[in-house]
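Chain residues, written in single-letter form:
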Amino acid sequence: MAANTFGFIGLGNMGAPMCANLVAAGLSMRVFDAAGTAERAPEGAVAADSIADLAATTDTVFLSLPDGKISGLVCDAVLATADRRVSRVVDFSTTGPEAAGAMGAKLNAAGITFVDAPVSGGRAGAIAGSLTVIASGPESDMNDLATAFDAVGGNIFHVGEAPGQAQAVKLLNNFLSATAMAATSEAVLFGQKYGVDISTILDCVNVSSGRNTASADKFPNRVVTGTYDAGFATALMTKDVALYLEQVRVAGTPDEIGSVVSGRWNAVLEDMPESDFTEIYRHIAGETQTGE
Ligand code: NAD
């Protein structure tokens, strides 16, 4: 087997296009997804039979999994592989600082390097290879991973040496994104109640001081179009905001806005468990007489 073989576990909304970009950059990829590898594997990647098969045949394994619990279970399966070859695990998932710290400790104890590397930019950024990669881990690994990170990302940040530091930055980013989506939904509905067209409201805000990621991107491209197809599940955003709030409370920093925003997302998830996160607008609209 050629040196520097790469594995990818989790070929979902993010993982499949990220993996396709790694293949396009010339990396030799073996891949696995619990929901069915063959139908999710990008062209040019080799489907592995199991996590153990992948762990026995690759040097660096990338993960893009739903949450910290699943990333932890997959790391346990890698560690349990008797004839494993893996020497480095890079987790692109949003897992939270505690899960990332625990995974790093377990893997390091077994001689495996761990790089905590959550991403931002959504499915569109994953397809375009323009994600923001927020990484924490040993400096030397950043150099080794430069080709891979450049293949999936447009902006690469090495925010520290310890697993969990990257998760902290990722969670605070998603808290801001979640807040923008929730607040913009309420604000737009307020304007609509006064009979102003939604596109006019957005055009005005987007050249004014209220501009944010929801008003500039999610609303014009996913809400006004009625497509609600950002490719990021409400369940995952709600998980991220809850994780943020949990960690803020551990850190002892202020949580007033975080509490309100987390409560709002919990209600959206209860109302629309299978929704895209941009559908928060539809959820909030359902509480008003304006509606859509
Ligand atoms: P997803 O649910 O679309 O994909 C996850 C994939 O993991 C699925 O294909 C699933 O079958 C697979 N999987 C689950 N358990 C597994 C296991 N035990 N072994 C192997 N495969 C398993 O999720 P996604 O939207 O691609 O998100 C992945 C991660 O990236 C999450 O942590 C999410 O928070 C984060 N993220 C998502 C976005 C986005 O816009 N979708 C943006 C940034 C970060």
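Residues numbered from 1 in each chain as written. Predicted model: local features only at pLDDT ≥ 70, side-chain atom pairs only at ≥ 80, totals over all residues. Heavy atoms only, no water.

**Student:** So what's going on with the packing of aromatic side chains? Residues and values would help.
**Tutor:** Inspection of every chain in the model, using the stated rule, returns ten aromatic pairs. Seen in terms of ring centroids, Phe175 and Tyr244 are 4.3 Å apart; in terms of plane orientation they differ by 10 degrees. Their pairing is stacked. A residue pair is termed long-range when its members are at least 10 positions apart, and Phe175 in helix α8 (residues 165–193) and Tyr244 in helix α11 (residues 234–251) qualify at 69 residues. The exposure classification of Phe175 matches that of Tyr244, with both residues buried. The ring of Tyr228 carries the charged tip of Arg282 above its face, separated from the ring centre by 5.7 Å. (Phe/Tyr/Trp six-rings, centres within 6.5 Å; stacked < 30°, edge-to-face > 60°. Helix = DSSP H or I, 4+ residues; strand = E, 2+ residues; numbered from the N terminus. Buried < 20%, exposed > 50% of the residue type's maximum accessible area, 1.4 Å probe, protein only. Lys NZ or Arg CZ within 6 Å of the ring centre and 35° of its normal.)

**Student:** Can you lay out the side chain of Ser120 for me, pointing to particular residues and giving the numbers?
**Tutor:** Counting through the fold element by element, Ser120 comes out in strand β7 (residues 119–120). Here the side chain of Ser120 touches Asn173 through a polar contact of 3.4 Å, side chain to side chain. Once residues lying within four places of it in the same chain are set aside, the contact partners of Ser120 are Leu131, Thr132, Lys170 and Asn173. (Polar contact = N/O pair within 3.5 Å; in protein donor to acceptor, adjacent residues only side chain to side chain. Contact = heavy atoms within 4.5 Å.)

**Student:** An account of the nonpolar core is needed here, citing residue identities and associated values.
**Tutor:** Met181, Val188, Phe219, Trp265, Ile280 and Tyr281 are the most contacted members of the largest nonpolar core, which totals 30 residues. Elements with a minimum of two residues in this core: α8, α9 (198–205), α10 (213–223), α11, α12 (256–271) and α13 (280–285). In terms of residues, this core owes the most to one element, α8, which gives eight residues. Contact partners of Val188, with chain neighbours within four places excluded, come to Ile198, Ile201, Leu202, Phe219 and Tyr281. (Core = buried A, V, L, I, M, F, W, Y, C linked by side-chain atoms within 4.5 Å.)

**Student:** Give a description of the packing of α8 against α10 that names residues and reports values.
**Tutor:** Running from N to C, α8 and α10 cross one another at 70 degrees; their axes reach a closest spacing of 9 Å. If you check the angle between α8 and α10, you find them roughly perpendicular. When you trace α8 past α10, the crossing you get is right-handed. On α10, the residues that touch Ser177, Ala180, Met181, Thr184, Ser185 and Val188 of α8 are Thr213, Ala214, Ser215, Lys218, Phe219 and Val223. (Axes fitted to C-alpha atoms, helices over the stretch in contact; angles between N-to-C directions. Parallel < 35°, antiparallel > 145°, perpendicular 65-115°, else oblique. Left-handed = near helix turned anticlockwise from the far one by under 90°.)

**Student:** Give me the lowdown on the domain arrangement of the chain, citing residues and values where you can.
**Tutor:** Domain boundaries in the chain define domain 1 (6–161) and domain 2 (168–285). A straight line from the C-alpha centre of domain 1 to that of domain 2 covers 28 Å. Listed as interface residues are 15 residues of domain 1 and, on the opposing side, 14 residues of domain 2. Area buried by domain 1 at its contact with domain 2 is led by Thr94, Pro97 and Glu98, which between them contribute 40% of it. Between domain 1 and domain 2 we count zero salt bridges in total. Across the contact surface, domain 1 and domain 2 share five residue pairs in polar contact (both at pLDDT 80 or more). (Domains from an automatic or database assignment. Buried area = accessible area lost by both parts, 1.4 Å probe. Salt bridge = Lys/Arg side-chain N within 4 Å of Asp/Glu carboxyl O.)

**Student:** Could you give an account of α12, naming the residues involved and the relevant values?
**Tutor:** Over its 16 residues, α12 extends 23 Å from the first C-alpha to the last, a length consistent with the 22 Å expected when each residue adds 1.5 Å. When α12 is considered as a whole, its buried residues turn out to be Gly258, Val261, Ser262, Arg264, Trp265 and Val268. Axial view of α12: buried residues confined to an arc of 160 degrees, hence all on one face. Exposed residues on α12 whose side chains face more than 90 degrees from its buried face are Glu256, Val260 and Glu270. Buried residues belonging to α12 abut α8, α11 and α13. (Expected span 1.5 Å × (residues − 1). Arc of directions from axis to C-beta.)

**Student:** Break down the site of the ligand for me, citing the residues and quoting the values.
**Tutor:** Close to the ligand lie 26 residues; Asn13, Met14, Asp33, Leu65 and Gly231 are nearest. Between a nitrogen atom of the ligand and a main-chain N or O atom of Ala34, the distance comes to 3.1 Å. Within the side chain of Lys239, one N or O atom sits 3.0 Å away from an oxygen atom of the ligand. Contact with the protein chains removes 85% of the 830 Å² of surface that the ligand exposes when unbound. Judged by the fraction of its atoms near the pocket grid, the ligand is located in the largest pocket. A class-by-class count of the residues in the shell around the ligand yields 13 nonpolar, eight polar and five charged. When residues of the shell around the ligand are assigned to domains, at least three map to each of domain 1 (6–161) and domain 2 (168–285). (Near = heavy atom within 4 Å. Areas by Shrake-Rupley, 256 points an atom, 1.4 Å probe, with all protein chains shown as cover. 1 Å grid on protein atoms, 1.4 Å probe; cavity = no way out; pocket = protein on both sides within 12 Å on 5 of 7 lines; lining within 4 Å. Sits in = over half its atoms within 2 Å of the grid points. Nonpolar A, V, L, I, M, F, W, Y, C, P; charged D, E, K, R; others polar.)

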